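The residues making up each chain are set out below.
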Amino acid sequence: MFKKSIIYLFIVYLMQILSIILNILLIRNLSLGDLGQLTIAKVYFQFMDFMHLGSRFTMDRYVPASNDKEGREITLFTMIISFVASLVFMIIVFFFVNNNFIILIFMISGFIFAQGTIYKAFFRAKEKTKEMIQVVLMNMFFPLAVQITAILFFNFKIYLISFIVSYTIGFILLIYYFKLIRVMPYLVFISKAKSFYRATGLLFATSIVIFLSFSIDKILLERYRGSEVLGEYSIILFIFATLMVIPGTLAELVFPKIIKKVTQTSKLIHWKEMSFIFFPTLLAVIVANLFMNFFIIKFTNYAYLLPYLHLISWAVLPYSFTSIMYYTFNALDQRKTILKINLIVLMVYIVYLSFLLDSNSENILRYFVWGRIVYGIILIALYMIFLKKHHMLLIRR
């Protein structure tokens, strides 16, 4: 198990290197306006990962404690929900909101990618690291390698084609290799819907809030300051997004243990798991700061953004703890608390961003970066406050 976990981490870190290469190539080959448009398209891509309407987060809660047959039924239920919701959403966006073909390409690709993450969620919940590695190779590593090849040797149009084709081929391989997709009887589907609708609804609302917390700054900045300023901000966020993968990946390896510990022993604080996530993330931030100047100066024309790039790298550290807190509250069935915490922080964040945009501040990028840092600090602080409150309630009982 340990050996497979090391292999999984190696592949994920290798993908991060490839992701850095891809982003540098895009930064070098695209104008700030094009980068801004690409950033908005990626928002749609990422939003497709929430078309499971919260059911994938239900998987995180129930699949670890389910037998194989029940776990597969929950997974298939999630796939069906995701497919129907994605189809409806894509039709609405393309015909009634924005008929941009780049956005359509990213939405379709995002849907395909989201289906792959459902596969990974199933094997992750079952602690099947070998299968997780295979899913990552097909659904993430392969598309990334194809996209790098396309932008390196061809042009942006070929890159867009490779984007959707690579994800499609990867998903076909998943279907063929794992054979998780089956016909689900109508009554079984209805039974699952009735069993999970309350938990799914709360987790879906939370997932939308979390998605907005990582997207609202881009949306507002593009609307009020234009795509070029958003292009600069997307270059800054490139460092943040790259480093954020590390705590997210490490949390995937420990979350089944957290679910089991909380449900079986009511343990609320997980120092071992927190350390497992925090220290590698801290090391990655330090290494990124050491090598950042070289890569940005040598391979891009945006050295003037380096102060912001260094600053935002530290914004990743609070998220080393928030994932552990999220899984703990989920295992405690405190989904309303999760939603409340994230909603409070999001509303504060929106007020902060709105104030900045109305003030016509010249140094808008610096304040946006500080907003991202403070967001993570407030989030972890509220998680700790509510966790302590829940602990006190348990003691009184």
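Quantities reported herein were computed from a predicted structural model and do not represent experimental measurements.

A. Structural view of the overall build of the protein chain. The helix and strand tally for the protein chain stands at 14 helices and zero strands. For the protein chain, the α and β elements follow one another from N to C terminus as α-α-α-α-α-α-α-α-α-α-α-α-α-α. Taking 21 Å as the expected radius of gyration for a compact globule of 397 residues, we find that the protein chain reaches 21 Å, a close match to that expectation. Judged by the C-alpha coordinates and their principal axes, the protein chain covers about 55 × 50 × 45 Å. A total of 397 residues make up the protein chain; the buried ones form 56% of that total. Pairs at least 24 residues apart make up 82% of the contacts formed inside the protein chain by residues separated by at least 6 positions. Total accessible area on the protein chain stands at roughly 18,600 Å², and carbon and sulfur atoms take up 69% of it. The distance from the centre of the 37 positive side-chain charges to the centre of the 17 negative ones in the protein chain is 9 Å.

B. View of the nonpolar core. Met107 and Tyr119 are the most contacted members of the largest nonpolar core, which totals 143 residues. At 19 residues, the largest contribution of residues to this core is made by helix H9 (residues 227-265). Once residues lying within four places of it in the same chain are set aside, the contact partners of Met107 are Tyr44, Met48, Phe89, Met90 and Val93.

C. Local environment of the confidence of the model for the protein chain. Summing up the model confidence of the protein chain, the mean pLDDT is 85 and the portion of residues at 70 or higher is 96%. Mean pLDDT across the elements of the protein chain bottoms out in helix H3 (residues 55-62) (76) and peaks in helix H11 (residues 306-313) (94).

D. Layout of the packing of aromatic side chains. Scanning all chains against the criterion turns up 34 aromatic pairs. Ring centres 6.4 Å apart and planes at 80° place the aromatic pair Phe45 and Phe106 in the edge-to-face group. Linking Phe45 in helix H2 (residues 32-47) with Phe106 in helix H5 (residues 101-125), this pair joins segments that are 61 residues apart in sequence. The class for Phe106 is buried, based on a relative accessible area of 0%. Pairing Tyr119 with Phe178 gives two aromatic rings, centres 6.2 Å apart and planes at 50°, and the pair type is tilted. Separated by 59 residues along the polypeptide, Tyr119 in helix H5 and Phe178 in helix H7 (residues 156-178) bring together distant segments of the chain. Each member of the pair Tyr119 and Phe178 is classed as buried.

E. A look at the layout of surface pockets. The volume enclosed by the largest pocket comes to roughly 730 Å³. Top element by residues in the lining of the largest pocket is helix H10 (residues 271-299). It accounts for ten residues. Considered class by class, the residues forming the lining of the largest pocket number 20 nonpolar, two polar and one charged.

F. Seen up close, the pattern of salt bridges. Taken as a whole, this structure holds four salt bridges when the rule is applied. Arg72 is the partner of Asp68 in a salt bridge, and the nearest nitrogen-oxygen pair spans 2.8 Å. Of this pair, Asp68 and Arg72 both sit in helix H4 (residues 68-97), four residues apart, which is roughly one turn of the helix. Residue classification places Asp68 among the partly exposed residues on the basis of a relative accessible area of 36%. We classify Arg72 as partly exposed; its relative accessible area is 32%. Linking Asp68 and Lys128 is a salt bridge whose minimum nitrogen-to-oxygen distance equals 3.9 Å. Highlighted residues: Asp68 in helix H4 and Lys128 in the loop between H5 and helix H6 (129-153), separated in sequence by 60 residues. Salt bridges linked by common partners bring Asp68, Arg72 and Lys128 together as one network.

G. Summary view of the packing of H9 against H10. At a minimum axis separation of 9 Å, H9 and H10 run at an interaxial angle of 170°. Here H9 is positioned roughly antiparallel relative to H10, judged by the angle of their axes. Across the interface between the two elements, Ile239, Leu243, Ile246, Pro247, Leu250, Ala251, Leu253, Val254, Ile258 and Lys261 from H9 touch Glu273, Phe276, Ile277, Pro280, Thr281, Ala284, Val285, Ala288 and Met292 from H10.

H. Examining the environment of Phe106 more closely. Measuring from C-alpha to C-alpha, the distance between Phe106 and Gln46 comes to 8.8 Å, with 60 residues separating the pair along the chain. Setting aside residues no more than four positions away along its own chain, Phe106 makes contact with Leu38, Ala41, Lys42, Phe45, Leu160 and Phe163.

I. View of the environment of Asn98. Structurally, Asn98 is set in the loop between H4 and H5. A sequence separation of 78 residues divides Asn98 from Tyr176, and the C-alpha atoms of the two residues are 34 Å apart. Once residues lying within four places of it in the same chain are set aside, the contact partners of Asn98 are Val93 and Ile103.

J. Looking closely at the side chain of Ser109. For Ser109, the location among the structural elements is in helix H5. For Ser109, the residues in contact, after removing those within four places along its chain, are Phe45, Phe163, Ile164 and Tyr167.

K. Main features of the packing of H9 against helix H12 (residues 319-331). Running from N to C, H9 and H12 point in directions that differ by 30°, and their axes come no closer than 8 Å. By the angle between their directions, the pair H9 and H12 is classed as roughly parallel. Of the two elements, H9 crosses H12, and the hand of that crossing is right-handed. For the pair H9 and H12, the contacting residues are Phe240, Met244, Pro247, Ala251, Val254, Phe255, Ile258, Ile259, Val262 and Thr263 in the first and Tyr319, Ser320, Ser323, Ile324, Tyr327, Thr328 and Ala331 in the second. Of the residues assigned to the contact of H9 with H12, the class counts are 13 nonpolar, four polar and no charged.

Rules of the game
- Residues numbered from 1 in each chain as written.
- Predicted model: local features only at pLDDT ≥ 70, side-chain atom pairs only at ≥ 80, totals over all residues.
- Heavy atoms only, no water.
- Helix = DSSP H or I, 4+ residues; strand = E, 2+ residues; numbered from the N terminus.
- Rg over C-alpha atoms; globule rule 2.2 N^0.38 Å.
- Buried < 20%, exposed > 50% of the residue type's maximum accessible area, 1.4 Å probe, protein only.
- Contact = heavy atoms within 4.5 Å.
- Areas by Shrake-Rupley, 256 points an atom, 1.4 Å probe, with all protein chains shown as cover.
- Lys, Arg positive; Asp, Glu negative; His and termini not counted.
- Charge placed at Lys NZ, Arg CZ, Asp CG, Glu CD.
- Core = buried A, V, L, I, M, F, W, Y, C linked by side-chain atoms within 4.5 Å.
- pLDDT = per-residue confidence, 0-100.
- Phe/Tyr/Trp six-rings, centres within 6.5 Å; stacked < 30°, edge-to-face > 60°.
- 1 Å grid on protein atoms, 1.4 Å probe; cavity = no way out; pocket = protein on both sides within 12 Å on 5 of 7 lines; lining within 4 Å.
- Points joined across faces, edges and corners; volume = space filled by probe spheres on them.
- Nonpolar A, V, L, I, M, F, W, Y, C, P; charged D, E, K, R; others polar.
- Salt bridge = Lys/Arg side-chain N within 4 Å of Asp/Glu carboxyl O.
- Axes fitted to C-alpha atoms, helices over the stretch in contact; angles between N-to-C directions.
- Parallel < 35°, antiparallel > 145°, perpendicular 65-115°, else oblique.
- Left-handed = near helix turned anticlockwise from the far one by under 90°.

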